[in-house]
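Summary of structural features
Single-letter residue listing:
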Amino acid sequence: MANEFIGEEGVWTNNGKEVTIINTYALCDSLGRRWMWEDIRSRKANSNIATWCVIGDFNCVRRSCERVGVGGEDINVGEKEEFNNYLVEMSLEDMPFMGKKIHMV
């Protein structure tokens, strides 16, 4: 299975701290997302670098209100819980959206 992310490890120039930056673009299916999450989790667990930044499209939401274009359907509650647990396990913070929100019609 192909990885749905790219990563780079380097040194943050302003303070000399090592950092890993991962940019994700997750698959639409649950199994594909789980494989990607586990791959990233495993890489972090085996890394000597403590500072990680994981950004991009996880193709999953933390709350139902974040889903756009679903037509009023609620998403799988278990999937939301699994994603929220993943963020906690990875010590990731969900940064708030900045800028103008786009509403699909």
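Residues numbered from 1 in each chain as written. Predicted model: local features only at pLDDT ≥ 70, side-chain atom pairs only at ≥ 80, totals over all residues. Heavy atoms only, no water.

**Focus: the side chain of Ser47**
Examined against the element boundaries, Ser47 turns out to sit in the loop between helix 1 (30-45) and strand 3 (51-57). Polar side-chain contacts of Ser47 include one of 3.0 Å to the backbone nitrogen of Ile49. What Ser47 contacts, discounting residues up to four positions off in sequence, is Glu9 and Trp52. (Helix = DSSP H or I, 4+ residues; strand = E, 2+ residues; numbered from the N terminus. Polar contact = N/O pair within 3.5 Å; in protein donor to acceptor, adjacent residues only side chain to side chain. Contact = heavy atoms within 4.5 Å.)

**Here we look at the confidence of the model for the protein chain**
Residues at a pLDDT of 70 or more form 78% of the protein chain, whose mean pLDDT is 81. Across the protein chain, strand 2 (residues 17-25) holds the top mean pLDDT of 92, while strand 1 (residues 5-12) sits lowest at 86. (pLDDT = per-residue confidence, 0-100.)

**Here's the deal with the pattern of salt bridges**
Tallied over the full model, the rule gives 5 salt bridges. Ionic pairing is found between Arg34 and Glu82, a salt bridge with its closest N-O pair at 2.8 Å. With Arg34 in helix 1 and Glu82 in helix 2 (residues 77-89), this residue pair connects regions lying 48 residues apart in the sequence. The partly exposed category is assigned to Arg34, whose relative accessible area is 36%. Judged by its relative accessible area of 26%, Glu82 is partly exposed. Close ionic contact of Arg41 with Glu89 constitutes a salt bridge, the shortest N to O distance being 2.0 Å. Of this pair, Arg41 sits in helix 1 while Glu89 sits in helix 2, and the two are 48 residues apart along the sequence. Here Glu89 falls in the exposed class, since its relative accessible area comes to 52%. A cluster of three or more residues bridged by salt bridges with shared partners is formed by Glu38, Arg41 and Glu89. (Salt bridge = Lys/Arg side-chain N within 4 Å of Asp/Glu carboxyl O. Buried < 20%, exposed > 50% of the residue type's maximum accessible area, 1.4 Å probe, protein only.)

**A closer look at unusual backbone geometry**
Phi angles above zero are rare outside glycine, and Asn59 is one such case at about 55°. Along the polypeptide, Asn59 turns up in the loop between strand 3 and helix 2. Asn59 gets classed as buried once you look at its relative accessible area, which sits at 18%.

**Some words on helix 2**
Look at helix 2: 18 Å from first C-alpha to last across 13 residues, which is about the 18 Å you get at 1.5 Å a residue. Along helix 2, the residues classified as buried are Glu79, Lys80, Phe83, Asn84, Tyr86 and Leu87. Angular distribution of buried residues about the axis of helix 2 spans 155°; they occupy a single face of the element. What points out from helix 2, more than 90 degrees from its buried face, is the exposed set Val88 and Glu89. Against the buried residues of helix 2 lie helix 1. (Expected span 1.5 Å × (residues − 1). Arc of directions from axis to C-beta.)

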